[in-house]
Amino acid sequence: MYGDHNVEEAYKLAKERYAEIGVDTDQTLERLQKTEISVHCWQGDDFHGFEEGGGELSGGIMATGNYEGRARNPEELRQDYEKAFSLIPGRQRANIHAIYLETQGKKVERDEIEIRHFTGWMDWAQELGISLDFNSTIFSHPKAEGYTLANYDEGIRNYWIEHAKRCRKIGQEMGKRQGNPCMLNHWIPDGSKEYPMDSIERRQLYTESMDKILSENIPKKELMDCVESKLFGIGMESFTVGSAEMCFGYAASRNIVLTYDLGHFHPTESVADKISSSLLFLDHIMLHTSRGVRWDSDHVVIQNDDLYHLMQEVIRCNALERVSVGLDFFDASINRIAAWVIGTRSTQKALLNALLEPVTLLKKLEKEDVTERFALTEECKNMPVNAVWDYFCEINNVPVGIKWIDDVKKYEHEILLNRG
Ligand code: RNT
Ligand code: ZN
């Protein structure tokens, strides 16, 4: 239906060009097709969630903007998700946060959530033929001001431990139903505005709490727990309990997954450079593709050097099977479905670009002639990647190029603007 671009012809020519440098584009497309991107629910509603009497977004993160048409309930959010999925090639997963529970108007405490509150999501996913990932929500709550898992108050710690344990049960059920592991991400906001005197006690508490959360053994084919580090948050500028070293050490020693968020490091620090060393000490890593502008602002991820280099490292390390890819941003200032489509397609394009690198040849040159290696990496940047991408869109029956925006605009007029 979108066949007026000579997409196939362009692909054939591109295929020949890539073959000259030893890259098989058909094989590349198969790998891209198999790589699922986990699309985060919170872009759809600026992180409001569906908790009865739920509070404001907190924990040092923030959605800015007031674009019309935010999803207000599970039906709308799922409808928006489906619209976005229809415009993205390849395979997606849906990544759900615990505050997106469905309770039929009843107030349910975070330490009381159950599998049945998420069967709406599970049934929907099954119908769509997609898989789910899950997240404990340890913020946006009166018991999450300052410290949660590292709170000195045992009652507060236990409250969040119970929440996270229940999240594991829910994630396990998702994993069982879909026949592949649900990635369960644990991120905590704990930290402080000034550097504390007792950082080691806080981190000791975090370790003890996490150990309690993980105490029940759940098969990894059903659930994979991840911990996500962070450098700072608003109001926690000087200290976070879950720092990079803390989470790396914890994940490595407990043999769980480490999550790397592109917005969680010093602006000049390269997340790409962390991939190879992580892979030597961890079985699996999870990525949150995001974009920090001056701070961890969670802008929509775009095809910038950070994202390109990140994906290149994953492929150069031959580690695609050991890396899960998810999105993490929330922009309320533009059409939210467009935000999903842009971010997902950009993430896939970065991955495609990395998959099309003549890695074997470049590695050989690295050893033999580093000048030529350097020259070739620059040439690679202008290879016909987009001809391969367009073809990927076409064989997936989604719009080629910018055409998807027409669909989004139509949906905005017909659906989003009528939400009032
Ligand atoms: C926050 C972390 C975390 C959250 C999600 C919603 O800075 O990036 O991943 O954004 O859990
Ligand atoms: Zn994140």
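Data block above holds the structure.
Residues numbered from 1 in each chain as written. Chains lettered and ligands numbered in written order. Predicted model: local features only at pLDDT ≥ 70, side-chain atom pairs only at ≥ 80, totals over all residues. Heavy atoms only, no water.

Undergrad: Before we move on, could you go through the overall build of the protein chain and cite the residues and values that matter?
TA: A count of helical and extended segments in the protein chain gives 14 helices and ten strands. Its C-alpha atoms give the protein chain a radius of gyration of 22 Å, within 12% of the compact-globule value 22 Å for 420 residues. Dimensions of the protein chain, computed from the C-alpha atoms along their principal axes, are close to 65 × 55 × 40 Å. Counting across all 420 residues of the protein chain, residues that qualify as buried make up 57%. Taking the contacts inside the protein chain whose residues are at least 6 apart along the sequence as the reference set, 81% of them involve residues at least 24 apart. (Helix = DSSP H or I, 4+ residues; strand = E, 2+ residues; numbered from the N terminus. Rg over C-alpha atoms; globule rule 2.2 N^0.38 Å. Buried < 20%, exposed > 50% of the residue type's maximum accessible area, 1.4 Å probe, protein only. Contact = heavy atoms within 4.5 Å.)

Undergrad: Tell me what's going on with the coordination of the zinc ion (ligand 2), and back it up with residues and numbers.
TA: Looking at the metal site, the zinc ion (ligand 2) is ligated by Glu228 (OE), Asp261 (OD), His288 (ND1) and Asp328 (OD), spaced 2.1 to 2.2 Å from it. Geometry at the zinc ion (ligand 2) is irregular, judged from its six donor atoms and the angles of 68 to 165° they form at the metal. For the zinc ion (ligand 2), the donor residues sit on a single chain with the sequence spacing E-x32-D-x26-H-x39-D. Taken together, the positions of His288 in strand E9 (residues 285–289) and Asp328 in the loop between strand E10 (323–327) and helix H10 (336–355) put the pair 40 residues apart, joining distant regions of the chain. (Donors = N, O, S within 2.8 Å, 3.2 Å for Na, K, Ca; no water. Tetrahedral: all angles 85-135°; square planar, octahedral: opposite > 155°, others 65-115°.)

Undergrad: Can you break down the pattern of salt bridges residue by residue, with the values?
TA: Enumeration over the complete set of coordinates arrives at 26 salt bridges. Ionic pairing is found between Arg419 and Glu76, a salt bridge with its closest N-O pair at 3.6 Å. Taken together, the residues Arg419 in the segment after helix H14 (404–414) and Glu76 in helix H3 (residues 74–85) connect sequence positions 343 residues apart. Judged on exposure class, the residue Arg419 and its partner Glu76 are both buried. With a closest N to O distance of 2.7 Å, Glu216 and Lys169 form a salt bridge. Here Glu216 is found in the loop between helix H6 (199–213) and strand E6 (223–228), whereas its partner Lys169 is found in helix H5 (residues 154–178), with 47 residues between them in sequence. Here Glu216 falls in the partly exposed class, since its relative accessible area comes to 40%. (Salt bridge = Lys/Arg side-chain N within 4 Å of Asp/Glu carboxyl O.)

Undergrad: Outline empty space enclosed by the protein, listing residues and values.
TA: Tallied over the entire structure, the rule returns five cavities of 30 Å³ or more. Put simply, the largest cavity is a space of about 160 Å³. In terms of lining, the largest cavity is formed by 18 residues, of which the most central are Ile61, His97, Trp187, Glu228 and Asp328. The class makeup of the residues in the lining of the largest cavity is six nonpolar, six polar and six charged. (1 Å grid on protein atoms, 1.4 Å probe; cavity = no way out; pocket = protein on both sides within 12 Å on 5 of 7 lines; lining within 4 Å. Points joined across faces, edges and corners; volume = space filled by probe spheres on them. Nonpolar A, V, L, I, M, F, W, Y, C, P; charged D, E, K, R; others polar.)

Undergrad: Now, about the site of ligand 1: what can you tell me, with residues and values included?
TA: With respect to spatial proximity, the complete set of residues near ligand 1 consists of Trp42, Phe47, Ile61, His97, Trp187, Glu228, Lys230, Asp261, His264, His288, Asp296 and Asp328. Here His264 contributes a side-chain N or O atom positioned 2.9 Å from an oxygen atom of ligand 1. Residue His288 places a side-chain N or O atom 3.3 Å away from an oxygen atom belonging to ligand 1. Look at ligand 1: alone it shows 300 Å² of surface, and the protein chains cover 99% of it. Given that more than half its atoms are within 2 Å of the pocket grid, ligand 1 belongs to the largest cavity. Looking at the shell around ligand 1, its residues break down into four nonpolar, three polar and five charged. (Near = heavy atom within 4 Å. Polar contact = N/O pair within 3.5 Å; in protein donor to acceptor, adjacent residues only side chain to side chain. Areas by Shrake-Rupley, 256 points an atom, 1.4 Å probe, with all protein chains shown as cover. Sits in = over half its atoms within 2 Å of the grid points.)

Undergrad: An account of the side chain of His163 is requested, with residue identities and associated values reported.
TA: If you trace the backbone, His163 turns up in helix H5. In this structure His163 comes out as buried when scored by relative accessible area, which is 0%. If near-sequence neighbours (up to four positions away) are discounted, His163 is found in contact with Ala98, Arg110, Asp111, Ile113, Ser136, Thr137 and Ile138.

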